[in-house]
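Fold and contact review
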Amino acid sequence: MIEEDQDLIDQSPPPPDPNPNPNSTIHPRRVSFEHGLLPIQKLVFADPIQTLAPVKQKLADAASNNRVGSGAIADALQISGDHARLVLETLGSVLHSEGDPLVGAKPEEVESVGADVRDLVLFLYIQSYKKLLPRTHKDSAAVADVWPSTSAFDGYLSALSPIQLVRSNSRRFMPSQADDEAHQLSYLQKHLANIISLLAEPVEGEGEESLVLSMEAFEHLGFLVQFGDKGSDISPLSQATPFFANSDPDMPAVPIPASQVHDWLLQNIASALESITERISGKENGPSNASDQDDAMSDACEAPNKVAPSDRGPCLIEGVSKTSLVKQASDLRGRSVKVVNCHDSVIYLLAPLRYATVHGCSDTTIVLGAVGKALRVEHCERVHVIAAAKRVCIANCRECVFFLGVNQRPLIVGDNHKLQVAPYNTYYSHLEEHMSEVGVEATINKWDKPLALGAVDPHDSLSHPAGVADAQAESAACVDPDQFINFLIPNWFNGEEIGSTKDNPFPLPDPYMAAQQRNLKNLEETRRSLRETPLEENRKKELSSALHVYFKDWLYASGNIRQLYCLQGD
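Residues numbered from 1 in each chain as written. Predicted model: local features only at pLDDT ≥ 70, side-chain atom pairs only at ≥ 80, totals over all residues. Heavy atoms only, no water.

Our next topic: unusual backbone geometry. Positive phi outside glycine occurs at H379, with the angle close to 55°. Position of H379 relative to the elements: it lies in the loop between β13 (365–378) and β14 (384–389). Residue H379 is classed as buried on the basis of its relative accessible area, which comes to 13%. In this structure, K418 takes a positive phi of about 55° despite not being glycine. As for its position among the elements, K418 is in the loop between β17 (411–413) and β18 (419–423). Residue K418 is classed as exposed on the basis of its relative accessible area of 54%. (Helix = DSSP H or I, 4+ residues; strand = E, 2+ residues; numbered from the N terminus. Buried < 20%, exposed > 50% of the residue type's maximum accessible area, 1.4 Å probe, protein only.)

Before going further, it helps to examine the pairing of strand β16 (residues 401–406). Of all the 6 residues making up β16, 6 are buried; the element is thus mostly covered by neighbouring parts of the structure. Neither face of β16 is exposed, since V401, F403 and G405 on one face and F402, L404 and V406 on the opposite face are all buried. As judged from the 6 bridges shared by β14 and β16, these two strands associate in the parallel manner. By the bridge assignment, A389 is partnered in β16 with V406. (Pairing = 2+ DSSP bridges.)

On to the nonpolar core, then. I73, L120, L213 and F223 are the most contacted members of the largest nonpolar core, which totals 81 residues. Residue contributions to this core peak at 10 residues, all from helix α10 (residues 177–199). Built from parts of two domains, this core gets at least three residues from each of domain 1 (25–135 + 155–230 + 256–264) and domain 2 (315–483). Apart from residues no more than four positions distant in its own chain, L120 is found in contact with L59, V68, I73, V87 and L91. Grouped together as the second largest cluster of nonpolar side chains are 62 residues, L368, V377, C397 and F484 included. (Core = buried A, V, L, I, M, F, W, Y, C linked by side-chain atoms within 4.5 Å. Domains from an automatic or database assignment. Contact = heavy atoms within 4.5 Å.)

Here you go:
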């Protein structure tokens with residue numbers, strides 16, 4: 001049997017073309033790097049391959065059908081049960097295969113379903129990834145004139161804290177989409193041999209020198225890379241390769257030498273990096289390519305009421321300032337969204353979304369429809385976020401309030417100050433339809449159970465003073481029930497089909513419901529008192545006029561007057 005297998009391997013074709021489809025380019029799978037990193041020091045390995053090889057064996061020994069639960073993860077990595085559960089939930093939110101049972105598992109099923117050991121090992125490997133640092137601005141004085149003045153919190157953890165980085169660099173000096181992609185590809189290029197060795201198996205009787213990769217094992221590389229052109233990702237990953245693309249579905253595919261897979265992927269990565277470098281160089285030295293993703297972002301800044309189209313990746317909304325922006329499902333074709341550097345505005349994204357990121361915003365209210373994978377809010381100040389989501393991560397934010405309907409514990413990481421959380425407080429007519437579509441459950445809301453991790457992100461490439469690596473992030477306080485109010489979403493789309501949602505689908509906790517009822521009762525008593533107060537007609541007019549003046553003053557002071565103008569414009 002061994003001889004037969006060896007004969008099959010010996011008959012494998014010579015190394016193929018680097019890219020059998022010249023119109024299909026390799027890309028890093030960005031969500032794994034953007035939503036799949038956890039600031040848990042025990043998961044960041046100085047030498048991933050030396051650490052993970054024995055960990056993989058330990059997990060494999062504990063696995064059932066090659067899957068493990070949080071108990072085995074906690075034991076193998078020597079972490080707490082809470083952190084092991086967090087590993088499972090985070091992995092489930094960024095898995096590449098929608099068919100994996102962990103992706104669709106209900107909260108009570110996550111433990112019994114567990115994770116595939118191969119996906120888990122790749123997830124653990126990339127915890128060593130360091131994010132790309134922003135490029136500093138050569139004229140810091142000019143930038144300081146644009147951003148709000150620094151606060152007493154700046155420099156809390158380092159000479160240049162993450163939020164100062166956002167302030168001291170406008171978007172075009174933060175890492176671009178192309179910069180980030182090149183950085184992630186370079187990381188994969190450097191670590192590819194180790195990553196493949198963790199998925200490969202030795203040929204029986206041939207020793208470690210003859211590692212091979214089965215088609216099933218190869219598919220797990222889809223967690224890290226994907227092939228696609230103009231947003232059309234090829235799935236499954238094996239169909240983008242010359243090794244398995246034409247395999248007979250009724251016959252098991254012949255395993256391929258790991259070295260051959262390694263060389264082929266390296267050539268593709270090198271080709272992609274060369275293309276990105278040329279694109280970046282062209283932008284710096286001459287007119288930029290009109291199809292470049294960053295141009296789409298710039299367009300959004302110049303015309304803030306447009307969603308920037310993105311050939312790959314999320315829809316980009318950037319530079320919205322002093323206005324209201326409304327988008328519904330038909331506008332967000334990417335089904336993931338990034339809201340970047342928006343200020344003093346109200347943004348409604350009433351759609352079913354996969355992933356959402358809010359970055360570098362201030363003095364803004366952002367209403368997100370239903371986020372089925374993960375929502376990340378980072379580097380924001382005085383922002384109100386209203387979201388129904390499966391999971392939420394908050395990083396490096398200040399004086400923000402989060403009104404959440406969230407199925408997993410909200411994750412709080414980094415340098416945060418004066419955060420507040422509250423139960424979900426709004427609805428729109430298609431909300432329950434959108435929640436059902438992406439798998440957010442109204443019966444589970446863990447808004448008040450935030451999980452605070454490290455105050456220092458081990459993935460940010462910044463140097464930090466000694467002794468702060470183990471500091472815990474500042475958690476969030478609950479909004480006082482007496483300060484809790486419902487948020488009313490205007491009926492922006494008159495004449496369009498109305499959905500079935502008539503009220504907030506997330507049940508309010510008793511203290512908040514009681515406070516609402518008290519407020520409604522006080523309002524009714526005030527109305528009745530005004531109606532029943534015996535006043536002459538001219539005094540009634542004076543009272544009405546005074547109320548209108550105070551209300552108008554409040555509209556201007558709060559900035560809500562702009563929403564009225566937007567409503568009139570629509």
